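Given next are the chains, with one letter for each unit.
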Amino acid sequence: MIELRHVSKIFETKKLNVHAVKDVSLKIAAGEIFGVIGFSGAGKSTLIRCINLLERPSSGEVWVDGKNLGELNDRALRQMRKKIGMIFQHFNLMRSRTVFQNVAFPLKDSGLSKQAIEQKVNELLALVDLSDKRDAYPSELSGGQKQRVAIARALANDPKVLLCDEATSALDPQTTGSILKLLKEVNQRLGITIVLITHEMAVIKEICTRVAVMEDGVIQEEGRVVDIFANPKAQVTKDFIHTASSLAKIYTMLENDSPITRIAKGQWLVHLKYGTSNTKEALLSHVTREMDVETSIIFGNVEVIQDAPLGDLVVILSGQQENIEQAIAYFKANGVAVEVMKS
């Protein structure tokens with residue numbers, strides 16, 4: 001549905017040129033929910049605005065639904081943009097218009113009759129569960145309700161693609177969950193391809209099938225969300241995963257010589273990272289029983305991503321050095337990634 005071919009975007013100023021996006025190539029399949037994550041200044045918002053040419057790339061090609069957008073004339077591009085809906089962090093609703101009028105606005109030049117527009121808007125408000133708010137104004141709505149109106153408006157022209165630029169960043173965690181659930185429902189019911197920009201790893205793991213990690217305008221890593229979580233390669237990806245887990249606290253405790261992470265002679269502090277194939281295996285019990293190595297768990301975390309369980313354990317292993325080394329080899333042989341934090 002979407003293909004970016006060596007897309008770069010340079011903002012030129014009198015003092016310096018800012019390379020916001022650098023040679024990005026991506027393929028996004030029809031009907032998938034694709035995430036782009038990065039810290040502030042990574043270039044992700046510029047990238048998503050290149051998809052509908054709100055920002056024209058300095059170089060490279062943007063293809064949507066088989067068309068090279070850069071080759072379209074103004075009229076053809078306007079028609080194409082009707083098939084690319086967009087929602088924003090701050091909703092961008094017209095304050096002087098009702099909910100109904102906001103959702104109906106994109107249909108004013110559609111050629112539909114007044115009755116057909118009425119029916120269409122009512123269906124969209126039902127989809128986003130706001131039928132009872134059709135005559136309310138944005139000032140009377142909560143943040144989550146405003147974003148629901150924005151989603152309904154973005155769907156008015158039956159788009160094939162929905163771009164979400166930090167769509168949940170202004171919302172509390174509970175409301176974020178309800179908006180993500182709605183986006184997933186829209187994707188499943190209407191088959192719309194969704195591209196979601198965020199700086200929150202928790203959002204990615206909740207809704208996306210694949211993800212690209214951006215840093216300094218470059219895609220550092222890309223793949224299935226479950227694979228990225230299970231085996232991150234780039235440092236920026238590891239940093240993001242730590243933000244979505246309390247595992248980072250263990251490293252801080254280690255740096256600060258917390259009593260929790262202190263070990264005695266004959267003990268090793270190890271981080272065990274479990275993948276989907278071994279989370280049900282009783283590996284710790286086997287090590288204790290067969291290798292005479294005592295195990296003490298000081299931290300545990302399990303994520304379920306797309307029905308795949310992924311786990312982290314921080315464990316103190318106690319015993320003879322050769323037994324502990326044998327235990328670590330056993331963990332690795334069973335697909336567990338092992339990091340020796342302290343020995």
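Use the structure listed above.
Worth saying up front: this structure is predicted, and the values here are computed from it rather than measured.

Thresholds, definitions, all that
Residues numbered from 1 in each chain as written. Predicted model: local features only at pLDDT ≥ 70, side-chain atom pairs only at ≥ 80, totals over all residues. Heavy atoms only, no water. Helix = DSSP H or I, 4+ residues; strand = E, 2+ residues; numbered from the N terminus. Buried < 20%, exposed > 50% of the residue type's maximum accessible area, 1.4 Å probe, protein only. Contact = heavy atoms within 4.5 Å. Areas by Shrake-Rupley, 256 points an atom, 1.4 Å probe, with all protein chains shown as cover. Expected span 1.5 Å × (residues − 1). Pairing = 2+ DSSP bridges. Right-handed = clockwise from strand over helix to strand, strands pointing away. Phe/Tyr/Trp six-rings, centres within 6.5 Å; stacked < 30°, edge-to-face > 60°. Axes fitted to C-alpha atoms, helices over the stretch in contact; angles between N-to-C directions. Left-handed = near helix turned anticlockwise from the far one by under 90°. Disulfide = S-S within 2.5 Å. Patch = residues over 30% accessible without salt bridge, like charges linked within 9 Å, V, L, I, M, F, W, Y side chains within 5 Å. Salt bridge = Lys/Arg side-chain N within 4 Å of Asp/Glu carboxyl O. Lys, Arg positive; Asp, Glu negative; His and termini not counted. Charge placed at Lys NZ, Arg CZ, Asp CG, Glu CD.

## Section: the overall build of the protein
- When you go through the protein residue by residue, the secondary structure sums to 12 helices and 14 strands.
- Counting every position in the protein, which comprises 343 residues, the buried fraction comes to 47%.
- Counting only contacts in the protein whose residues sit at least 6 apart along the sequence, the fraction spanning at least 24 positions is 69%.
- Carbon and sulfur atoms make up 46% of the accessible area of the protein, which amounts to about 17300 Å² in all.

## Examining helix 12 (residues 321-333)
- The end-to-end C-alpha distance of helix 12 is 18 Å, a good match for the 18 Å that 13 residues give at a rise of 1.5 Å each.
- Lining the buried residues of helix 12 we find strand 11 (267-274), helix 11 (283-291), strand 13 (308-318) and strand 14 (337-342).
- Looking one or two residues past helix 12, Gly335 carries a phi angle of roughly 80°, positive in sign.

## What to know about the pairing of strand 8 (residues 193-198)
- Within strand 8, six of the six residues are buried, which leaves it mostly tucked inside the rest of the structure.
- Relative to strand 8, strand 3 (residues 33-37) runs parallel, the two sharing five bridges. For Val36, the partnering residue across the bridge sits in strand 8 and is Ile197.
- Sheet topology places strand 7 (residues 161-165) next to strand 8; five bridges connect them, and they run parallel. Bridge pairing in strand 8 links Leu163 to Val195.
- Viewed along the sheet, the connection from strand 7 through helix 6 (residues 173-190) into strand 8 turns out right-handed.

## Comments concerning the pairing of strand 13
- Across the 11 residues that make up strand 13, a large majority, 10, are buried.
- Bridge count between strand 11 and strand 13: eight bridges; the pairing is antiparallel. Paired with Trp268 across the two strands is Leu317, which belongs to strand 13.

## Here's the deal with unusual backbone geometry
- The residue His6 is not glycine, and still its phi comes out positive at about 50°.
- Along the polypeptide, His6 turns up in strand 1 (residues 2-12).
- Even without being a glycine, Glu166 presents a positive backbone phi close to 55°.
- Tracing the backbone through its elements, the reader meets Glu166 in the loop between strand 7 and helix 6.

## Re the packing of aromatic side chains
- For the structure on display, the rule yields two aromatic pairs.
- Between Phe39 and Phe240, the ring centres sit 3.9 Å apart and the planes meet at 10°, which makes this aromatic pair stacked. You can see Phe39 sitting in the loop between strand 3 and helix 1 (44-51) and its partner Phe240 sitting in helix 9 (residues 235-243), a full 201 residues away along the chain.
- The exposure class assigned to Phe39 is partly exposed, which follows from its relative accessible area of 37%.

## Some thoughts on the packing of helix 11 against helix 12
- Across the interface, helix 11 lies against helix 12 with an axial gap of 11 Å and an inter-helix angle of 145°. Between helix 11 and helix 12 the crossing geometry is right-handed. From helix 11, Leu283, Leu284, His286, Val287 and Met291 reach across to helix 12, where they touch Asn323, Gln326, Ala327, Tyr330 and Phe331.

## Remarks on the state of the cysteines
- Evaluation of the coordinates by the stated rule reveals zero disulfides.
- Here Cys50 is not cross-linked by a disulfide; its sulfur's nearest cysteine counterpart is in Cys164, at 17 Å.
- Distance from the sulfur of Cys208, which forms no disulfide, to the nearest cysteine sulfur (Cys164) is 9.1 Å.
- Assessed through its relative accessible area of 1%, Cys208 is described here as buried.

## Considerations on a positive patch on the surface
- A surface patch of like charges, here positive, comprises Arg75, Arg78, Lys82 and Lys83.
- Looking at the element boundaries, Arg78 is found in helix 2 (residues 74-81).

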